[in-house]
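# Structural overview
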Amino acid sequence: IDGWFDGLITQQLCTSPFPPHQLLIYENSGRDVVAPVVGPLTEGSDLVLTCEVRGGKPTPTVSWFVNDKLVDGLLETTSHHVVVNRLEVSHVTRDHLNTTYKCQASNTKLMLPAEKTVRLELYLKPLSVRLLSKPKVLMADTEYVITCEAIGSRPQAKVSWFRESKEFKGGK
């Protein structure tokens, strides 16, 4: 019989890639970073950012960018559908203030990668603290104005005056 096919018929399943459906960034405490700002952290502390990506086929590549420059993180696949990339920055300095950290997940060149960017906010210690006017001799029952200047802190430094471990209140 013409047209008769005597053989094995195979069916090929064609699947399209699909992007990750969720990208989350967690900070040091494990709390989800919802605002575009992480912190504020204190100068000298450690920053740990964890990017968790769920879904996507094929499994997405998860990358960190610091100020748009690709950096290495610690990559792990926690399950078949979850990929985690952890970025650690030891002893942040004032140079890290306003640094941007972007997590990007990509699994195909056919679609734009999923991404989330956060900016680091820091509390900064004063760069210098000095007395601007210091009388050489202090006399009893005489009022003096002594000015203290603190430069480079964020937020502005709170200046307190002490004598023998007791804080002066209201200038007295």
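Model, not experiment: these values are computed from the prediction.

Parameters at a glance
Numbers given to residues run from 1 along each chain, matching the order in which its sequence is written. Reporting of local features is limited, given that this is a predicted model, to residues whose pLDDT is at least 70; pairs of side-chain atoms are given and counted only at 80 or more, and all residues count toward the totals for whole chains, interfaces and linings. For the side-chain quantities, the full set of heavy atoms in the structure was used; hydrogens and water were omitted. Each helix corresponds to a stretch of at least 4 residues labelled H or I by DSSP, and each strand to a stretch of at least 2 residues labelled E; elements are numbered beginning at the N terminus. Using a 1.4 Å probe on the protein chains alone, a residue whose accessible area is under 20% of its type maximum counts as buried, one over 50% counts as exposed, and one in between counts as partly exposed. Contact definition: two residues touch when any of their heavy atoms are within 4.5 Å. Only strands that DSSP links by at least two bridges are regarded as paired with each other. Each axis is a line fitted through C-alpha atoms, taken for helices only over the stretch in contact, and angles between the N-to-C directions span 0 to 180 degrees. Here, the term disulfide refers to a pair of cysteine sulfur atoms separated by no more than 2.5 Å. Note on terminology: a nonpolar core comprises buried Ala, Val, Leu, Ile, Met, Phe, Trp, Tyr and Cys residues joined through side-chain atoms within 4.5 Å. Within this analysis, patches are made of residues with over 30% relative accessible area and no salt bridge. Like charges are joined at 9 Å or less; nonpolar side chains (Val, Leu, Ile, Met, Phe, Trp, Tyr) at 5 Å or less. Under the convention used here, a 1.4 Å probe and the Shrake-Rupley method define accessible areas, while residue burial counts only the protein chains that appear. By definition here, a salt bridge exists when the distance from a side-chain nitrogen of Lys or Arg to a carboxyl oxygen of Asp or Glu is within 4 Å. Within 6.5 Å between ring centres, the rings of Phe, Tyr and Trp (the latter by its six-membered ring) count as paired, and their orientation is classed by plane angle as stacked under 30 degrees, edge-to-face over 60, tilted in between. For a lysine, the NZ atom is tested; for an arginine, the CZ atom; a charge sits over a ring if that atom is within 6 Å of the ring centre and within 35 degrees of the ring normal.

Our next topic: the environment of Thr147. Looking at the element boundaries, Thr147 is found in the loop between strand S10 (128-131) and strand S11 (148-151). Judged by relative accessible area, Thr147 falls into the partly exposed class, the value being 34%. Sequence separation between Thr147 and Leu131 is 16 residues; the distance between their C-alpha atoms is 5.7 Å. Those residues in contact with Thr147, other than ones at most four positions away along the chain, are Arg130, Leu131, Leu132 and Ser133.

One open sheet holds the four strands; their spatial order is S1-S3-S7-S6, and the pairing between them is antiparallel. Edge positions in the open sheet fall to strand S1 (22-26) and strand S6 (74-79), since each of these has one partner strand only. Adjacent strand axes in the sheet meet at a mean angle of 20°, parallel and antiparallel pairs treated alike.

What follows concerns the sheet that holds strand S5 (residues 69-71). What the five strands build is an open sheet, ordered S2-S9-S8-S4-S5; its pairing is mixed. Of all the strands in the sheet, just strand S2 (37-42) and S5 have a single pairing partner and so form its edges. Across the sheet, the axes of successive neighbouring strands diverge by a mean angle of 30°, strand direction being ignored. In this structure, strand S4 (residues 61-66) lies alongside strand S8 (residues 100-106), joined through six bridges in antiparallel fashion. Paired with Ser63 across the two strands is Gln104, which belongs to S8.

Note on terminology: disulfide describes a covalent bond linking the sulfur atoms of two cysteines. Taken as a whole and assessed by the stated rule, the structure comprises one disulfide. Cys51 shares a disulfide with Cys103; S-S distance 1.8 Å. An S-S torsion of about -80° defines the bridge between Cys51 and Cys103 as left-handed. You can see Cys51 sitting in strand S3 (residues 47-54) and its partner Cys103 sitting in strand S8, a full 52 residues away along the chain.

Another point: the nonpolar core. With 22 residues, the main nonpolar core has Ile25, Leu47, Leu49, Trp64, Tyr101 and Leu120 as its most contacted residues. Put simply, the parts of the chain that give this core at least two residues each are S1, S2, S3, S4, strand S7 (82-89), S8 and strand S9 (114-123). No other element matches S3, which puts four residues into this core. Not counting residues within four places of it along the chain, the set of residues in contact with Leu49 comprises Ile25, Tyr26, Glu27, Val38, Trp64, Asn85, Arg86, Leu87, Tyr101 and Val118.

To continue, consider a nonpolar patch on the surface. The grouping of Leu131, Leu138, Ile146, Val159, Trp161 and Phe168 at the surface amounts to a nonpolar patch, some 500 Å² of accessible area in total. Relative to the assigned elements, Phe168 resides in the segment after strand S13 (166-167).

Below, the discussion takes up unusual backbone geometry. Here the bond from Gly39 into Pro40 is cis, since omega is 10°, no more than 30 degrees from zero. Of note, Pro40 is situated in strand S2. Cis geometry is adopted by the peptide bond preceding Pro58, which originates at Lys57 and carries an omega value of 0°. With respect to the helices and strands, the residue Pro58 is situated in the loop between S3 and S4. Phi at Asn67 is positive, roughly 50°, even though this residue is not glycine.

Taken as a whole and judged by the stated rule, the model has zero aromatic pairs. Taking the ring centre of Phe65 as reference, the NZ or CZ of Lys102 above it sits at 5.3 Å.

So, on to the pattern of salt bridges. For the structure shown, the criterion picks out eight salt bridges. Note that Glu27 and Arg31 form a salt bridge whose closest N and O atoms lie 3.1 Å from each other. Measuring nitrogen to oxygen at the nearest pair gives 2.7 Å for the salt bridge that ties Arg54 to Glu52. Of the residues examined, Arg54 reaches a relative accessible area of 31% and is grouped as partly exposed.

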